[in-house]
Amino acid sequence: MLRCRFRLEETLRTNLGLHMNLVGSLLLLNLAFLLNSGLSGGTQPGTCKVLGGITHYCLLCCFTWMALEGCHLYLLFVKVLGTYVRHYLVKLCLVGWGFPVLVVGVAGVIGSYGQYSIRTVDHQIIAHLCWITSKHLLVHYITNCGYFGLIFLFNTAVFGVVTQKSCSLRGTGAVQGDRKAWKVALVALGLFCLLGATWALAFLTHGTSSAPLLYLFTILNSLQGIFIFMWLVVLYYPKTKDTAGSLSHTIRHDKTTAASQ
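Owing to the predicted nature of the structure, the values given are computational and were not obtained by experimental measurement.

## Focus: the overall build of the protein
Next, step 1: What the protein contains, in helices and strands, is seven helices and two strands.
Next, step 2: Walking the protein from its N terminus toward its C terminus, one meets helices and strands in the order α-α-α-β-β-α-α-α-α.
Next, step 3: Per-residue burial for the protein yields a buried fraction of 34% across its 261 residues.
Next, step 4: A fraction of 73% describes how many contacts in the protein between residues 6 or more apart in sequence connect residues 24 or more apart.
Next, step 5: For the protein, the exposed surface amounts to about 15,800 Å²; the carbon and sulfur share of it is 70%.

## Re the state of the cysteines
Next, step 1: The full count for this structure, using the stated rule, is one disulfide.
Next, step 2: There is a disulfide in this structure between Cys 48 and Cys 130, and the S-S distance comes to 2.2 Å. Across the disulfide from Cys 48 to Cys 130, rotation about the S-S bond amounts to roughly -115 degrees, and the bridge is consequently left-handed. Taken together, the residues span a long stretch of sequence, with Cys 48 in helix H2 (residues 45-77) and Cys 130 in strand E2 (residues 125-132) at a distance of 82 residues. We note that Cys 48, like Cys 130, is buried.
Next, step 3: Between Cys 61, a free cysteine, and Cys 58, which holds the nearest cysteine sulfur, the sulfur-to-sulfur gap is 6.2 Å.

## Things to note about unusual backbone geometry
Next, step 1: Positive phi values are uncommon outside glycine, yet His 87 reaches one of about 50 degrees.
Next, step 2: Position of His 87 relative to the elements: it lies in the loop between H2 and helix H3 (88-109).

## With respect to a nonpolar patch on the surface
Next, step 1: Judged by side-chain polarity, Met 20, Tyr 215, Ile 219, Leu 223, Ile 226, Phe 227, Phe 229, Met 230 and Val 233 come together as a nonpolar surface patch covering roughly 870 Å² of accessible area.
Next, step 2: Sorting the residues of the nonpolar patch by element identifies helix H6 (211-222) and helix H7 (224-260) as the ones contributing at least two each.
Next, step 3: Here the element with the most residues in the nonpolar patch is H7; it accounts for five residues.
Next, step 4: Mapped onto the elements, Ile 219 comes out in helix H6.
Next, step 5: Ile 219 sits in the partly exposed class, given a relative accessible area of 46%.

## Focus: the UniProt feature "transmembrane region" (unreviewed entry) in the protein
Next, step 1: In the numbering used here, UniProt assigns the feature "transmembrane region" (unreviewed entry) to residues 12-34, 54-77, 89-110, 141-163, 184-202 and 214-237.
Next, step 2: Secondary structure within residues 89-110 divides into 95% helix and 0% strand; the distance between the first and last C-alpha atoms comes to 33 Å.

## Points about the nonpolar core
Next, step 1: Ranked by size, the top nonpolar core spans 43 residues in total, and within it Leu 22, Phe 63, Met 66, Trp 199 and Ile 228 carry the most contacts.
Next, step 2: Counting residues per element, the ones that place at least two in this core are helix H1 (2-39), H2, H3, E2, helix H4 (137-172), helix H5 (181-194) and H7.
Next, step 3: Discounting chain neighbours no more than four positions away, the residues touching Phe 63 are Asn 144, Tyr 147, Phe 148, Ile 151 and Trp 199.

Scoring rules and cut-offs
- Position labels on residues start from 1 in each chain and follow its written sequence.
- Only residues with pLDDT of at least 70 are given local features in this predicted model, and only at 80 or more are side-chain atom pairs given and counted; all residues enter the totals for whole chains, interfaces and linings.
- Note: side-chain values were computed over all heavy atoms of the structure, leaving out hydrogens and water.
- Only runs of H or I of at least four residues qualify as helices and only runs of E of at least two qualify as strands under DSSP, and these elements are numbered from the N terminus.
- Burial here depends on accessible area, computed with a 1.4 Å probe over protein chains only, as a share of the maximum for the residue type. Under 20% is buried, over 50% is exposed, and the range in between is partly exposed.
- Contacts between residues were defined by any pair of non-hydrogen atoms, one from each residue, lying within 4.5 Å.
- Surface exposure here means Shrake-Rupley accessible area, sampled with a 1.4 Å probe, where a residue is shielded only by the protein chains that are shown.
- Note on disulfides: each one is a pair of cysteine sulfur atoms within 2.5 Å.
- The patches described consist of residues with a relative accessible area above 30% and no salt bridge, like charges being joined within 9 Å and nonpolar side chains (Val, Leu, Ile, Met, Phe, Trp, Tyr) within 5 Å.
- Basic side-chain nitrogens of Lys or Arg form a salt bridge, by our definition, when they fall within 4 Å of a carboxyl oxygen of Asp or Glu.
- UniProt positions are given in the numbering used here, feature names are shortened, and annotations may be inferred rather than shown by experiment.
- In these notes, a set of buried Ala, Val, Leu, Ile, Met, Phe, Trp, Tyr and Cys residues joined through side-chain atoms within 4.5 Å is what counts as a nonpolar core.

Here's what the structure looks like:
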């Protein structure tokens, strides 16, 4: 029983570590964007290339951690048996923070980063940004649009399978249905944000007619980290407290039993 509780503690720490890495990548992306928008106007070409690479790296880290969230969700709820991996969280960190380095390194070698001009439909320049230059838009379409498109399809499939399994378990009575409706909706909304579904709004924004979608995309994704953090506090903190309390009670009970014997 004590071994099961330690395994539960390990699983809980892994889940929290995975979620916090995603929140951390979102925080870095927001900071990189603020730094980029504030310094891109009068920077030297070399500095602008560095800012563009940092911003691209933070964006790819967010996408990669969303993909890892989907993989982890698949291992937890779909492939239940035979999923134990040693140093699991460390390996996830190597992928989540290391893979984007390779992509940004290759893009930097071919000279993809520089000053990018944001234009209106009348081709009037309204802002400058250190990003992937217009000459290397193929890099943007492959590393950003294509990469996220694959992640979105995979995470959507995982979300659908997990939802179907959850509904089937509740229908058969294998899972107790005493959870409140608002908590079930909160879990679904949290998974929706974790898997990065709000980023798919970018595929629906074309031209000036999609201005409402652009505002919605900007608002939802700028607050994605806050939504996830609130979701973690509401759903995980009571469980962490209860689990820690029950674990300490079990340890004290085992010590008392051993001493009496």
